[in-house]
Amino acid sequence: YDEEDEEQRQHEEAVNGRGPQPTEARVVEQLAESESFQAFSSMSSAPDATRLAASRDAGAGYGWAAPAAQSNDQTYEKYLRRALAVDLSSVARHNFLYRSGVDHAGRAVFVLVGQNFPARDVDNDKALLHVINVMDSSVHLPYALVYVHSNFSVAFNQPLPQFMQQVYEVLDRRYKKNIKQLYVLHPSISSRTLLLGLRAFLSPKFWSKVVPCETLSELYTHMRSEQVVLPDVVSEYEKEQQTSLMNFFYW
């Protein structure tokens, strides 16, 4: 009966639940000494952080959404190539979207004129290509959008839901991330309805960026008048509204 037999006996007793069990401290010590644990401990302390960072770098911004973001980027690139190659003069002539000057913060200002958008007659695909053609070179930086609701007609100018869905799915995250202000000039019930209809497409934080401007003078507190080019009908519309209001009170 030698030491080797004694070690074998103690091992069999430990396996069968008899005899002294290894202490918790000893188990931890043995685990720390194991090759598998040392290999694991040499990894990043937060392996998922690297993966999330890679997702953000890929343009996802929301962790595991990298494949979806990559798919969106590929879709957008296809539309961008088409926007640069296709003749869009039939859509551009309506002048419903164009680049203007800058606001007080030095951000690029785009003007979207509601009454100029021929919702029932325009080719939706070409309309989207025009949006990309006008805005793509600037939306990598913060920008502002002035939406002119003067003389807007729900019957003729209201974008169809499928068009809004297409816009949301195609435009890449720069458009949504870098828009810092949406100025709504001459808002009305129909403009509020239009914005409410976009709730499914926009994040909750977007609503803090919406700035209603009842008059041109309100808009000009955010940017100089010479920095925002507006159709002549806008000032005419405002004068008509003011005259109607004065006549109402006079009556």
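Residues numbered from 1 in each chain as written. Predicted model: local features only at pLDDT ≥ 70, side-chain atom pairs only at ≥ 80, totals over all residues. Heavy atoms only, no water.

With respect to the overall build of the protein chain
For clarity, the threshold we go by: Secondary structure elements follow DSSP: runs of H or I of four or more residues count as helices, runs of E of two or more count as strands, with numbering from the N terminus. Working rule for contacts: check all heavy atoms of both residues, and any pair within 4.5 Å makes them a contact. Each accessible area is a Shrake-Rupley estimate made with a 1.4 Å probe; only the visible protein chains count as cover when residues are assessed.
Helix and strand counts for the protein chain come out as 13 helices and five strands. Taking all contacts inside the protein chain whose residues are at least 6 apart in sequence as the whole, residues at least 24 apart take part in 77%. Accessible surface computed for the protein chain: about 15,900 Å², of which carbon and sulfur atoms make up 56%.

Brief notes about the pattern of salt bridges
Rule in force here: Any Lys or Arg side-chain nitrogen found within 4 Å of a carboxyl oxygen on Asp or Glu counts as a salt bridge.
This structure, assessed with the given rule, holds five salt bridges. Connected via shared salt-bridge partners are Asp136, Asp172 and Arg174.

Concerning the environment of Asn157
To keep it simple, the criterion reads: Buried means the residue's accessible area, taken with a 1.4 Å probe over protein chains only, is under 20% of the maximum for its type, while exposed means over 50%, and partly exposed covers the values in between. Think of a polar contact as two N or O atoms within 3.5 Å of one another; within protein, one of them needs to be a possible hydrogen donor and the other a possible acceptor, and neighboring residues in sequence only count if both atoms come from side chains.
Along the chain, Asn157 turns up in helix 8 (residues 154-157). Assessed through its relative accessible area of 7%, Asn157 is described here as buried. A C-alpha to C-alpha distance of 9.8 Å links Asn157 and Val113, two positions 44 residues apart in sequence. Ignoring any residue separated from it by four or fewer positions in sequence, one finds Asn157 in contact with Gly114, Gln115, Phe117, Ala119, Asn151 and Phe152. In this structure the side chain of Asn157 is engaged in a polar contact, spanning 3.0 Å, whose partner is the backbone oxygen of Phe117.

Some thoughts on helix 11 (residues 189-196)
Quick reminder of the rule: Arc definition: it is the arc formed by the directions from the helix axis to the C-beta atoms.
Those residues of helix 11 not exposed but buried are Ser190, Ser191, Leu194 and Leu195. Taken end-on, helix 11 shows its buried residues confined to a sector of 140°, consistent with a single buried face. Residues of helix 11 that are buried in the fold lie against strand 3 (143-148), helix 8, strand 4 (179-185) and strand 5 (210-213).

Some thoughts on the sheet that holds strand 1 (residues 97-102)
Stated formally: Any two strands with at least two DSSP-identified bridges between them are counted as paired. All axes are obtained by fitting lines to C-alpha atoms, using only the stretch in contact for helices, and the reported angles, taken between N-to-C directions, cover 0 to 180 degrees.
Taking strand neighbours across the sheet as the criterion, the five strands line up as 1-2-3-4-5 in an open arrangement whose pairing is mixed. On the outer flanks of this sheet lie strand 1 and strand 5, each paired with one strand and no other. Going from strand to strand, the sheet's axes swing by 25° on average, the running direction of each strand aside. Against the sheet, helix 7 (residues 124-135) contacts strand 1, strand 2 (108-113) and strand 3, and its axis sits at roughly 20° relative to strand 1. Taken strand by strand, helix 11 contacts strand 3, strand 4 and strand 5, and its axis lies near 150° from that of strand 4.

What about unusual backbone geometry?
For Asn151, which is not a glycine, the phi torsion comes out positive at approximately 60°. In this structure, Asn151 sits in the loop between strand 3 and helix 8. What makes Asn151 partly exposed here is its relative accessible area of 36%. Positive phi, normally seen in glycine, also occurs at His186, with a value near 60°. With respect to the helices and strands, His186 occurs in the loop between strand 4 and helix 11.

Some points on the confidence of the model for the protein chain
As a reminder of what qualifies: Here pLDDT means the predictor's own confidence in every residue, given as a number from 0 to 100.
On average, residues of the protein chain score 77 in pLDDT, and 67% of them are at 70 or above. Across residues 21-66 the pLDDT falls below 50, and counting only partners more than four positions away or on other chains, this stretch makes 25 contacts in the model. With pLDDT under 50 throughout, residues 247-251 is counted as low confidence; its partners more than four residues away or in other chains account for zero contacts.

Re the layout of surface pockets
Vacant regions in the atomic arrangement are exposed by a probe of water-molecule size rolled over the atoms. What counts, and what does not: Put simply, the grid is 1 Å and covers the protein atoms alone, a cavity is a trapped set of points that fit a 1.4 Å probe, a pocket is an open set with protein on both sides within 12 Å along at least five of seven lines, and lining residues have an atom within 4 Å of a point. Grid points are joined across faces, edges and corners, and a volume is the space filled by probe spheres set on the points. Under this grouping Gly is polar, as are all residues other than the nonpolar Ala, Val, Leu, Ile, Met, Phe, Trp, Tyr, Cys and Pro and the charged Asp, Glu, Lys and Arg.
If you add up the space inside the second largest pocket, you get close to 160 Å³. Every residue lining the second largest pocket is listed: His186, Pro187, Ser188, Glu214, Thr215, Tyr237, Glu238, Gln241 and Gln242. When the residues that make up the lining of the second largest pocket are grouped by side-chain class, the tally is two nonpolar, five polar and two charged.

Observations concerning the nonpolar core
To keep it simple, the criterion reads: For the purposes of this section, nonpolar cores are sets of buried Ala, Val, Leu, Ile, Met, Phe, Trp, Tyr and Cys residues that join through side-chain atoms within 4.5 Å.
One finds Ile132, Met135 and Leu182 to be the most contacted residues of the largest nonpolar core, which totals 38 residues. Of all the secondary structure elements, the ones that give two or more residues to this core are helix 5 (66-85), strand 2, helix 7, strand 3, helix 9 (161-170), strand 4 and helix 11. A per-element tally of this core places helix 7 first, with seven residues. Contact partners of Met135, with chain neighbours within four places excluded, come to Leu97, Phe110, Tyr143 and Tyr175.

Overview of the side chain of Asp103
Assignment of secondary structure puts Asp103 in the loop between strand 1 and strand 2. Those residues within four positions of Asp103 in sequence are excluded, and the remaining contacts are Val109, Ala144, Tyr183, His222 and Met223.

Side note on the packing of helix 7 against helix 9
Just so we agree on the cut-off: For classification purposes, an angle smaller than 35 degrees is called roughly parallel, one larger than 145 roughly antiparallel, one from 65 to 115 roughly perpendicular, and anything else oblique. By definition, turning the near helix anticlockwise from the far helix through less than a right angle yields a left-handed crossing, and turning it clockwise yields a right-handed one.
Running from N to C, helix 7 and helix 9 point in directions that differ by 40°, and their axes come no closer than 10 Å. The orientation of helix 7 with respect to helix 9, classified from their angle, is oblique. As helix 7 runs across helix 9, the sense of the crossing is right-handed. Here helix 7 contributes Asn124, Asp125, Ala127, Leu128 and Ile132 to the contact with helix 9, which in turn contributes Phe163, Gln166, Val167 and Val170. Of the residues assigned to the contact of helix 7 with helix 9, the class counts are six nonpolar, two polar and one charged.

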